[in-house]
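Structural characterization, general
These are the residues of each chain, in order.
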Amino acid sequence: MATILKTKNVFLTGGACGLGKGFTDSLLAAAARVIFTDVNRTAAEATEKEFQDKYGKDNVKFIECDVTDGPKFEETFQTAISFLGHVDLMVNNAGMMVESKWERMIDVNYKGVVRGTLMAVEHMRQDKGGKGGRIINISSEAGLKEMIFMPIYGGTKHAVRCFTSCLATAPDVKAQGIEYGTLCPGPVDTDLIRNLDETKIRHSNLMQPERLKERTSSVERLQEAFMKLVLLEEMNKAILYVDSKEENFYEMKANNLGPTWPADSTDLSSQ
Ligand SMILES: NC(=O)c1ccc[n+]([C@@H]2O[C@H](COP(=O)([O-])OP(=O)(O)OC[C@H]3O[C@@H](n4cnc5c(N)ncnc54)[C@H](O)[C@@H]3O)[C@@H](O)[C@H]2O)c1
Ligand SMILES: CCCCC[C@H](O)/C=C/C=C\C/C=C\C/C=C\CCCC(=O)O
């Protein structure tokens, strides 16, 4: 795997725990170099040490940064560029699911992803002197369907999917030399879905823990799906939906989800 990674210099948000930690592990195992951020310093420092021992000190570094803090996020991204030379894979993963903290959740889950994406685009775009690259944003099954338990979380995840797919189908995408992909996991066994009470989701009395358990994937399964996305020969417009019930992953393309307007504006760029 080490030799076929197109993108080796990675910036990932929310890498201390859960999926972000899993994705970082898989990228490092494939010989990438990763800078990851998080707000949880204690967990992140333990993760940094674990990965530095496993993959070498020069290959992974943690920088404390909250994705809702614009100036700090910008400064952290510039530090990452100095450390790596350039960033060619941006993974906007940091997220939370606490319906009662809905303003914070919109800031983290949507504004944090938009901020990270726009920063990476400015750095990567070949039509402005960059080297190109890939941007993967983490949405959710709740970004594809309406889930009564999580209307605001789901709204942020629909927004992430829509935003990413709009950029992927824009007329200047080829000139930018950037590919945009979205990962949409169903429930995964991380802290995000533990202790689901009324502060975290709505109608928690209707949530049947055994049914949730049946539908829950392991972090390892999501690592496999993530690497499938990373290793696609052509990734632009890909939306990878991971359902725990199926053996396979569902790969969709941005404009397979429904009509877009214009139908696909990337076609307009060649006219
Ligand atoms: N676990 C699931 O069922 C599931 C399903 C679909 C999508 N997702 C998405 O996957 C992503 C990762 O979630 P997870 O399940 O690993 O959750 P998690 O809670 O285990 O990990 C999230 C990480 O993000 C960090 N983080 C939170 N707010 C941050 C901020 N403002 N700035 C920087 N870092 C921050 C946390 O400290 C934590 O380390 C999220 O975007 C989540 O919405 C999770
Ligand atoms: C409550 C799980 C939160 C997971 C959030 C994550 O982003 C993924 C969401 C995708 C689907 C979650 C939707 C519903 C939960 C699944 C099964 C619950 C079964 C509920 C029941 O029938 O009791």
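Values in this document were obtained by computation on a predicted structure and should not be read as measured data. (Residues numbered from 1 in each chain as written. Chains lettered and ligands numbered in written order. Predicted model: local features only at pLDDT ≥ 70, side-chain atom pairs only at ≥ 80, totals over all residues. Heavy atoms only, no water.)

Below, the discussion takes up the overall build of the protein. Broken down by element type, the protein carries eight helices and eight strands. Radius of gyration (C-alpha) of the protein: 18 Å, near the 18 Å computed for a compact globule of 271 residues. The C-alpha extent of the protein, read off along each of the three principal axes, is 55 × 50 × 40 Å. Considering only intrachain contacts with a sequence separation of at least 6, the fraction spanning at least 24 residues in the protein is 70%. Computing the positive centroid from 33 side-chain charges and the negative centroid from 38, the protein places the two 1 Å apart. (Helix = DSSP H or I, 4+ residues; strand = E, 2+ residues; numbered from the N terminus. Rg over C-alpha atoms; globule rule 2.2 N^0.38 Å. Contact = heavy atoms within 4.5 Å. Lys, Arg positive; Asp, Glu negative; His and termini not counted. Charge placed at Lys NZ, Arg CZ, Asp CG, Glu CD.)

Here we come to the site of ligand 2. As a structural note, the neighbourhood of ligand 2 is formed by 19 residues, with Ser-140, Met-147, Tyr-153, Gln-208 and Arg-211 the closest of them. Tyr-153 is positioned such that a nitrogen or oxygen atom in its side chain is 2.5 Å from an oxygen atom of ligand 2. Protein coverage of the free-state accessible area of ligand 2, which is 570 Å², stands at 94%. Of the residues that constitute the shell around ligand 2, the class distribution is 13 nonpolar, three polar and three charged. (Near = heavy atom within 4 Å. Polar contact = N/O pair within 3.5 Å; in protein donor to acceptor, adjacent residues only side chain to side chain. Areas by Shrake-Rupley, 256 points an atom, 1.4 Å probe, with all protein chains shown as cover. Nonpolar A, V, L, I, M, F, W, Y, C, P; charged D, E, K, R; others polar.)

Further remarks concern the site of ligand 1. Inspection of the region around ligand 1 gives 29 residues, with Asp-38, Asn-93, Tyr-153, Val-188 and Thr-190 positioned closest. Within the side chain of Thr-190, an N or O atom sits 2.6 Å from an oxygen atom of ligand 1. Out of a free accessible area of 820 Å², ligand 1 has 93% covered by protein chains. At the level of elements, α1 (18–29), α4 (102–124) and α5 (151–168) are the ones that each hand at least two residues to the shell around ligand 1. Classifying every residue of the shell around ligand 1 gives 15 nonpolar, nine polar and five charged.

Looking now at the environment of Gly-14. Here Gly-14 shows up in the loop between β1 (9–13) and α1. Residue Gly-14 is classed as buried on the basis of its relative accessible area of 12%. Linking Gly-14 and Asp-38, residues 24 residues apart in sequence, is a C-alpha distance of 4.6 Å. Filtering out sequence-adjacent residues up to four positions away, Gly-14 remains in contact with Gly-20, Lys-21, Thr-37, Asp-38, Asn-93 and Ala-94. (Buried < 20%, exposed > 50% of the residue type's maximum accessible area, 1.4 Å probe, protein only.)

With that settled, the discussion passes to the side chain of Thr-190. Here Thr-190 lies in the loop between β6 (178–185) and α7 (209–214). What Thr-190 contacts, discounting residues up to four positions off in sequence, is Gly-18, Leu-19 and Val-219.

Quick look at the packing of helix α3 (residues 70–84) against α4 now. Taken N-terminus to C-terminus, the directions of α3 and α4 make an angle of 40 degrees; their axes are 11 Å apart at the nearest point. With respect to their mutual orientation, α3 and α4 come out oblique. Where α3 crosses over α4, the two elements pack in a sense that is right-handed. From α3, Gly-70, Phe-73, Glu-74, Phe-77 and Ile-81 reach across to α4, where they touch Gly-112, Arg-115, Gly-116, Met-119, Ala-120 and His-123. Residues of the contact of α3 with α4, tallied by class, amount to five nonpolar, four polar and two charged. (Axes fitted to C-alpha atoms, helices over the stretch in contact; angles between N-to-C directions. Parallel < 35°, antiparallel > 145°, perpendicular 65-115°, else oblique. Left-handed = near helix turned anticlockwise from the far one by under 90°.)

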